[in-house]
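# Overview (structure and organization)
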Amino acid sequence: MSWGIELWDQYDNLAIHTNKGIEFLDKYANFIRDRLAIETEYAAKLRRLVKNYQPKKKEEEDNEFTSWQAFRKVLNEISDLAGQREVVAESLQLQIIQGISLLSKTLREERKKCLSNGTILHQNLTTQLAALERAKRNYEKAYRDSEKAVENYKKADMDLNLSRAEVERYKNIMTAKIQQSDDAKNEYANQLQKSNNLQQQHYHELLPEVFNRLQELDEKRTRGIREFIISAADVESSVAPIIARCLEGMVKAGESINEKEDSYKVIERYQSGFTPPGDIPFEDLSKMDTLDTSQESHYNHVQSSHLTVKGTISANKIKKRVGIFNIFGSNKNSLTADGQKEDFSDLPPNQRRKKLQAKIAELQQKIQQETAARDGLMKMKVVYEANSSLGNPMTVEGQLNESEHKLEKLKMDLKKYQGYLEKANQIPIANNSPQANRTHSMNNGHRSSRHSNGSTEDNNFDGDFHPDDAGSLSSSSASPESGLGTSHTSLPGSGHGSTHENAIGEDAYYETEMEPLQPLGTCRALYPFEATSEGSIPMNEGEELQVIEIDQGDGWTRVRRINNTNGWDEGFVPTSYIECTLYA
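Residues numbered from 1 in each chain as written. Predicted model: local features only at pLDDT ≥ 70, side-chain atom pairs only at ≥ 80, totals over all residues. Heavy atoms only, no water.

## Quick word on the overall build of the chain
- Tallying secondary structure elements over the chain gives 10 helices and seven strands in all.
- Buried positions account for 38% of the 584 residues belonging to the chain.
- Residue pairs at least 24 apart in sequence account for 74% of intrachain contacts in the chain once pairs closer than 6 positions are excluded.
- When the accessible surface of the chain is summed, it comes to about 34700 Å², and 52% of that surface belongs to carbon and sulfur atoms. (Helix = DSSP H or I, 4+ residues; strand = E, 2+ residues; numbered from the N terminus. Buried < 20%, exposed > 50% of the residue type's maximum accessible area, 1.4 Å probe, protein only. Contact = heavy atoms within 4.5 Å. Areas by Shrake-Rupley, 256 points an atom, 1.4 Å probe, with all protein chains shown as cover.)

Written out as structure tokens, the structure is:
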């Protein structure tokens, strides 16, 4: 089956067909380019998606949950998927696009050459046929002229009026015309033979060769498209196993999620270590009548001495809020970068222990690293001392001293934090509960007094309380939150001597009818809080409150809630239960 034989007369159609075939090849190349662009864009968007959803630095603590860990694994697998799409795009560019471009260029050049040869062959044949046509017309004209000359000679020979010379002239003309006719006939026959030979060669040898060459080019193009389509599929297939492994990784990541484990980790993270509050004892009011009278007289005396004209406590009398519930002493530890105290005494007991254990583990790791660095420097120094050509041992001396200094500091820090942890382990958990302590502080229907300055001598809180007898209160409620938001006034002292009234007025909190304090900011409740005794107020999770006094180091913050009954409620809530936003 050959184009040269079967399609000998379809030169124009074959030229059009081969041109359309190459244009189709270019169209397929454009298709691959568009797909390549889609693959590249898809990979870029996948990478951008992974980047946008990468856990932020502030979310690193949540990575301990299996769901978060699984999500990070999914992000990694999607990143690998993006890489495979980039591999597909790169392979399409190198294997398909460049191959098609090269093939298309080759086919166009060879087709142009073939069509040029075919055009020359057609021109040669057309020229020969035109010569044949001219020879034929010349032969026809010469033949007619010779026939006319013969007829004229016959007429002249029969005409008796013409002379012999005239008849001879007609005869000579006849002879010349016949000769011209014979020459034209021979030329026509010669051109005819040449035309037939050229036409035979043209349609059976020369033109079929051109057509067969065009057929080869078209088959080469078709075969190339087949190979390119298969190659494109092979490119996709080559990354399919990796993509399958990525999908398997996603499935395994999903299967690794353990809801029970995450629930346990939530307990580990937020467990305060406090015990639920005990029963509130009954207060027998009949035994408090005589005590109320002495408190009232003491209140009148102190009110006249310590209130301003507006009925508020004198500004120079209240300096600092002291510890609450007789358990939280002032801690002058420096704060860490995240705003927590150095010994984490502002955290609940369980969380404090976890933080201290993590800090100790971090310091132990740093000590191991620094010890290894010091040992390396010492070995280097020994080598330099043994062979001075390798280096000067004095250059290592400074680094060695610095390493020793760092190591000593790390060991001191480790010992300090181990001491913190030992003290934290000695703290009774129940006594650290504000609710439990409220119950514990009840004494015969009255609240026990607290340290006049609300602090202990030891900067590191160890759970013990050392009252200052010279400045302590006898038997009245001295907690800073007692009775806030009420219309009565509760002052320290129980009718005994007022020798220390000025000292009491310096550092203790009083309740009186006073103008509301200006809010310092707002806060949001992170957890629900049940207030089981006076001085503290309950709050619901997510509730917005006003901050009117910030935490003074005892773990409690004074807040205000606006209500529709008496204007507002004020009291203390645990600082660790709220998230504050202070005004600038």
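## A short note on the pattern of salt bridges
- Taken as a whole and assessed by the stated rule, the structure comprises 27 salt bridges.
- The closest approach of N and O atoms between Asp-26 and Arg-108, which form a salt bridge, is 2.6 Å. Highlighted residues: Asp-26 in helix α2 (residues 11-52) and Arg-108 in helix α3 (residues 66-158), separated in sequence by 82 residues.
- Classification of Asp-26 as partly exposed rests on a relative accessible area of 23%.
- Residues joined in a network through salt bridges with shared partners are Arg-35, Glu-39, Arg-85 and Glu-236. (Salt bridge = Lys/Arg side-chain N within 4 Å of Asp/Glu carboxyl O.)

## As for the packing of aromatic side chains
- Enumeration over the complete set of coordinates arrives at 10 aromatic pairs.
- Ring-pair connections join several aromatic residues into one group, and the members of that group are Tyr-270, Tyr-527, Phe-529, Trp-556 and Tyr-577.
- Of note, Arg-169 hangs over the ring of Tyr-170, and the distance from its end group to the ring centre comes to 4.9 Å. (Phe/Tyr/Trp six-rings, centres within 6.5 Å; stacked < 30°, edge-to-face > 60°. Lys NZ or Arg CZ within 6 Å of the ring centre and 35° of its normal.)

## Description of a nonpolar patch on the surface
- Taken together, Leu-49, Tyr-53 and Phe-71 make up a surface patch of nonpolar side chains, about 300 Å² in accessible area.
- Tracing the backbone through its elements, the reader meets Tyr-53 in the loop between α2 and α3.
- Take Tyr-53: its relative accessible area is 51%, and that puts it in the exposed class. (Patch = residues over 30% accessible without salt bridge, like charges linked within 9 Å, V, L, I, M, F, W, Y side chains within 5 Å.)

## Describing helix α5 (residues 259-270)
- Its 12 residues give α5 an end-to-end C-alpha distance of 17 Å, which sits within 8% of 16 Å, the value for a rise of 1.5 Å per residue.
- Those residues of α5 that sit buried are Asp-262, Lys-265 and Arg-269. Buried residues along α5 cover an arc of 60° about the axis, so they all sit on one side.
- Summarising the contacts, the buried residues of α5 are in contact with α3 and α7 (349-386).
- Looking at where α5 begins, the residue whose side-chain oxygen comes 3.0 Å from the main-chain nitrogen of Lys-260 is Asn-258. (Expected span 1.5 Å × (residues − 1). Arc of directions from axis to C-beta. Polar contact = N/O pair within 3.5 Å; in protein donor to acceptor, adjacent residues only side chain to side chain.)

## Overview of the sheet that holds strand β6 (residues 568-574)
- Strand order in this open sheet of five strands is β6-β5-β4-β3-β7, and the pairing throughout is antiparallel. With partners counted over all chains shown, the strands left at the sheet margins are β6 and β7 (578-582), one partner each. With strand direction ignored, the average angle separating the axes of adjacent strands in the sheet is 35°.
- Where strand β5 (residues 556-562) and β6 come together, seven bridges link them in antiparallel fashion. (Pairing = 2+ DSSP bridges. Axes fitted to C-alpha atoms, helices over the stretch in contact; angles between N-to-C directions.)

## Here we look at the packing of α5 against α7
- Here α5 crosses α7 at 95°, and the two axes come no closer than 7 Å. In terms of orientation, α5 and α7 fall into the roughly perpendicular class. When α5 is examined against α7, the residues Glu-268, Arg-269 and Tyr-270 are found in contact with a partner set consisting of Asn-350, Gln-351 and Lys-354.
- Residues belonging to the contact of α5 with α7 are distributed by class as follows: one nonpolar, two polar and three charged. (Parallel < 35°, antiparallel > 145°, perpendicular 65-115°, else oblique. Nonpolar A, V, L, I, M, F, W, Y, C, P; charged D, E, K, R; others polar.)

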